[in-house]
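Chain by chain, the residues run as shown.
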Amino acid sequence: MSGIPLWAQAGFWGLVAGGALVLGAVVGYKFDVPRRLIAAIMAFGSGVLISALSFELIAEAYERGGFNSMAVGFLGGAAVYTAANWLLSHKGAKHRKRSGGQQPSEAEDSGSGVAIAVGALLDGIPESIVIGLSMLGGGAVSTVAVGAIFLSNVPEGLASAAGMKKAGRSATYVFGIWGGIALASGVASLVGYTVFQDLSPAVVAATTAVAAGAILAMLVDTMIPEAFEVAHDFAGLITVAGFLAAFALSKLGG
């Protein structure tokens, strides 16, 4: 993508990764995908993201800013996400990534539609910021980060859209949410690059760690429960397979 400004590249790759949410949502809303298959894909996507966190984000945050900066950011990101998720869960967004009948309808829980939309946005922004931050080192996007986020976003959109449909949400609502979040992902990635490009390595490292902490908390709170509930006999094995796939991608990309 030579000749294209780096800020535009950052926005583009964020949009690509976020677009996987729309792709998954189309499949989940239009087709009757078996819950066991959805759960298996969720487990695989969880393993992919855990691997990317371990070998890309946390390692990079540690190398750039040292242990203290990384640890404070990592715990801080998890704490902020957990607090925001707790609040949204009490507004009706607790099961926003569940593919079964757990999601409430608007009639059952007034205001849950807005809470689910905000929750989905909360889940996607940290991942997108990471993409922009990954370009600060050498001006090239981390293909591992983009690939891992893309692979995890497909089952995320798939499971959530399937659950939204069962809760009686309209197609306009479902695709409006995921289309909007895909666009927001591009903007967040652009912001991750433009806002932090002139800041110190310690600040960039801490921000990367904050995003990583939020992503890991998101996995445990929203994705892994869906994977384990339905595919519990094989959830661990499938998660390990996803972890190994992302690790292999990091080595090939390196």
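Nothing here was measured: the structure is a model prediction, and the numbers come from that model. (Residues numbered from 1 in each chain as written. Predicted model: local features only at pLDDT ≥ 70, side-chain atom pairs only at ≥ 80, totals over all residues. Heavy atoms only, no water.)

Moving on, we get to the overall build of the protein chain. Counting its regular elements, the protein chain contains 7 helices and 0 strands. Seen through its C-alpha atoms, the protein chain measures out along the principal axes to roughly 50 × 35 × 35 Å. Per-residue burial over the protein chain gives 48% buried out of 254 residues. When contacts within the protein chain are restricted to residue pairs at least 6 apart in sequence, those whose partners lie at least 24 apart make up 84%. (Helix = DSSP H or I, 4+ residues; strand = E, 2+ residues; numbered from the N terminus. Buried < 20%, exposed > 50% of the residue type's maximum accessible area, 1.4 Å probe, protein only. Contact = heavy atoms within 4.5 Å.)

Attention now goes to the UniProt feature "transmembrane region" (unreviewed entry) in the protein chain. Mapped onto this numbering, the UniProt entry annotates "transmembrane region" (unreviewed entry) at residues 6-29, 36-55, 67-88, 129-151, 171-196, 203-224 and 230-249. The span residues 203-224 carries 100% helix and 0% strand; its end-to-end C-alpha distance comes to 30 Å. Strand forms 0% of residues 230-249 and helix 85%; the C-alpha atoms that close the span are 28 Å apart. (UniProt positions renumbered as here; feature names shortened; annotations may be inferred.)

The subject of this paragraph is the nonpolar core. Membership of the largest hydrophobic core comes to 34 residues, with the highest contact counts inside it found for I38 and I215. The greatest single-element share of this core, amounting to 11 residues, is contributed by helix 6 (residues 201-231). With residues near it in sequence (within four places) discarded, I38 still touches V33, S99, L158, A159, A162 and E226. A25, A93, I116 and W178 belong to the second largest nonpolar core, which has 14 residues in total. (Core = buried A, V, L, I, M, F, W, Y, C linked by side-chain atoms within 4.5 Å.)

Taking 1.5 Å of rise per residue, the 24 residues of helix 4 (residues 143-166) would be expected to cover 34 Å, and the 35 Å separating its terminal C-alpha atoms lies within 8% of that figure. Buried residues dominate helix 4, accounting for 18 of its 24 residues. Taken from the residues just after helix 4, G168 is the one with a positive phi, measuring 85°. (Expected span 1.5 Å × (residues − 1).)

Two elements in contact, helix 1 (residues 6-30) and helix 4, have axes whose closest approach is 6 Å; the angle formed by their N-to-C orientations is 35°. Helix 4 is crossed by helix 1, and the crossing has right-handed handedness. Where helix 1 abuts helix 4, its residues W13, V16, A17, G18, A20, L21, L23, G24, A25, V27, G28 and Y29 lie against V146, I149, F150, N153, V154, E156, G157, L158, A161, A162 and K165. The residue inventory of the contact of helix 1 with helix 4, partitioned by class, reads 16 nonpolar, 5 polar and 2 charged. (Axes fitted to C-alpha atoms, helices over the stretch in contact; angles between N-to-C directions. Left-handed = near helix turned anticlockwise from the far one by under 90°. Nonpolar A, V, L, I, M, F, W, Y, C, P; charged D, E, K, R; others polar.)

This paragraph deals with helix 2 (residues 35-93). Over its 59 residues, helix 2 runs only 20 Å from end to end, short of the ideal 87 Å by more than 12%, given 1.5 Å per residue. Approximately 125° is the largest bend angle found in helix 2, and it occurs at G66. (Bend = angle between axes of the 7 residues up to and from the residue.)

What follows is about the packing of aromatic side chains. Two measures describe an aromatic ring pair: the distance that separates the ring centres and the angle between the ring planes. Taken as a whole, this structure holds 4 aromatic pairs when the rule is applied. Judged by centre distance (5.7 Å) and plane angle (70°), the rings of F55 and F243 are edge-to-face. A residue pair is termed long-range when its members are at least 10 positions apart, and F55 in helix 2 and F243 in helix 7 (residues 235-253) qualify at 188 residues. By relative accessible area, F55 is classed as partly exposed at 37%. On the accessibility criterion, F243 (28% relative accessible area) is partly exposed. Every member of this aromatic cluster is reached through a ring pair, and the members are F55, F243 and F247. Stacked on the ring of Y173, the Lys or Arg R169 has its end atom at 5.2 Å from the ring centre. (Phe/Tyr/Trp six-rings, centres within 6.5 Å; stacked < 30°, edge-to-face > 60°. Lys NZ or Arg CZ within 6 Å of the ring centre and 35° of its normal.)

Looking at the element boundaries, G176 is found in helix 5 (residues 171-194). A relative accessible area of 43% means that G176 is categorised as partly exposed. Sequence separation of G176 and S51 is 125 residues, and the distance between their C-alpha atoms is 30 Å.

On to the environment of A211. Residue placement: A211 occurs in helix 6. Overall, the relative accessible area of 5% leaves A211 in the buried class. Along the chain, A211 and L57 lie 154 residues apart, while their C-alpha atoms are 8.6 Å from each other.

With respect to the element layout, S160 can be found in helix 4. Ignoring sequence-local partners within four residues, the contact set of S160 consists of R96, K97, Q103 and W178.

Bringing the pattern of salt bridges into the picture now. Counting across every chain of the model gives 2 salt bridges. Residues R35 and E229 are paired through a salt bridge, measuring 3.5 Å at the closest nitrogen-oxygen approach. With R35 in helix 2 and E229 in helix 6, this residue pair connects regions lying 194 residues apart in the sequence. Its relative accessible area of 25% is what places R35 among the partly exposed residues. The partly exposed category is assigned to E229, whose relative accessible area is 40%. Across the pair R64 and E60 runs a salt bridge whose closest N-O atoms are separated by 3.2 Å. With R64 and E60 both in helix 2, this residue pair falls 4 residues apart, about one helical turn. Accessibility expressed as a relative area gives 26% for R64, which makes it partly exposed. (Salt bridge = Lys/Arg side-chain N within 4 Å of Asp/Glu carboxyl O.)

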